Amino acid sequence: MQSYDYANREGVEEITWERFAELAGKLTETLSSMQIDAVVGIARAGLIPATAIACALRKEMYPVRITRRENDTVVFDHPVWKVDVSEEVAGKAVVVVDEIADTGETLALVAKRVQELGAERVVTACLISHSWANPTPHHVALRIDALVIFPWDKHVCVDGRWKLHPEIAEALRQQSRNL
């Protein structure tokens, strides 16, 4: 499945802030027994669960930026590096965290880079993964093939007014055409 191929998702899964807390808590509990030394969070949206997990585990968090987007618009077929991984990961057991694994490519690229910088051990974790993600994250709070709407993505502020994110509006239109 192609990244951002919303028309072929199976239903809609709207994640509330409360559900986000549950999913982040589930991942944190799983990771707590793994003797993780540091968290690498993938910006933008992956920083949200990464921060929650790092705070709960009382570990350092290092942000990276690798994306298919510029100014919230998809412009690249494959993720492009914007901010590299910190060299502080060397010798540490690291968990790489993102909010969702769609194709799995972003997580794999970051995990590879963490390994190249000398991490002792690298695991990947996501709040949500689709079944077609390849590679599959090591740890996932929820596997679902629905169109996922996160609370931080649902609305955008345009000229001082809140409106449904245009990408989500279009995804919902695509899905309704396929019913």
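Residues numbered from 1 in each chain as written. Predicted model: local features only at pLDDT ≥ 70, side-chain atom pairs only at ≥ 80, totals over all residues. Heavy atoms only, no water.

1. Quick look at the sheet that holds strand β3 (residues 60-67)
Hydrogen bonds between backbone groups are what pair the strands of a sheet, and the pairing can be parallel or antiparallel. Reading across the sheet, the 6 strands line up as β6-β3-β2-β7-β8-β9 and stay open at both edges, with mixed pairing between neighbours. The sheet is open, and its two edges are formed by β6 (80-83) and β9 (139-143), each paired on a single side. For this sheet the average axis-to-axis angle between neighbouring strands, irrespective of direction, equals 25°. Here strand β2 (residues 38-43) pairs with strand β7 (residues 93-101) via 4 bridges, running parallel. By the bridge assignment, A38 is partnered in β7 with V94. Here helix α2 (residues 47-57) sits on the sheet and contacts β2, β3, β7 and β8 (121-129); the angle it forms with β2, its principal contact strand, is near 165°. (Pairing = 2+ DSSP bridges. Helix = DSSP H or I, 4+ residues; strand = E, 2+ residues; numbered from the N terminus. Axes fitted to C-alpha atoms, helices over the stretch in contact; angles between N-to-C directions. Contact = heavy atoms within 4.5 Å.)

2. Concerning the side chain of D98
Within the secondary structure layout, D98 lies in strand β7. At 8.0 Å, R68 is the nearest oppositely charged side chain to D98, a buried residue that forms no salt bridge. Setting aside chain neighbours within four positions, we find D98 in contact with I42, G46, P49, T106, L107, A125, C126 and L127. (Buried < 20%, exposed > 50% of the residue type's maximum accessible area, 1.4 Å probe, protein only. Lys, Arg positive; Asp, Glu negative; His and termini not counted. Salt bridge = Lys/Arg side-chain N within 4 Å of Asp/Glu carboxyl O.)

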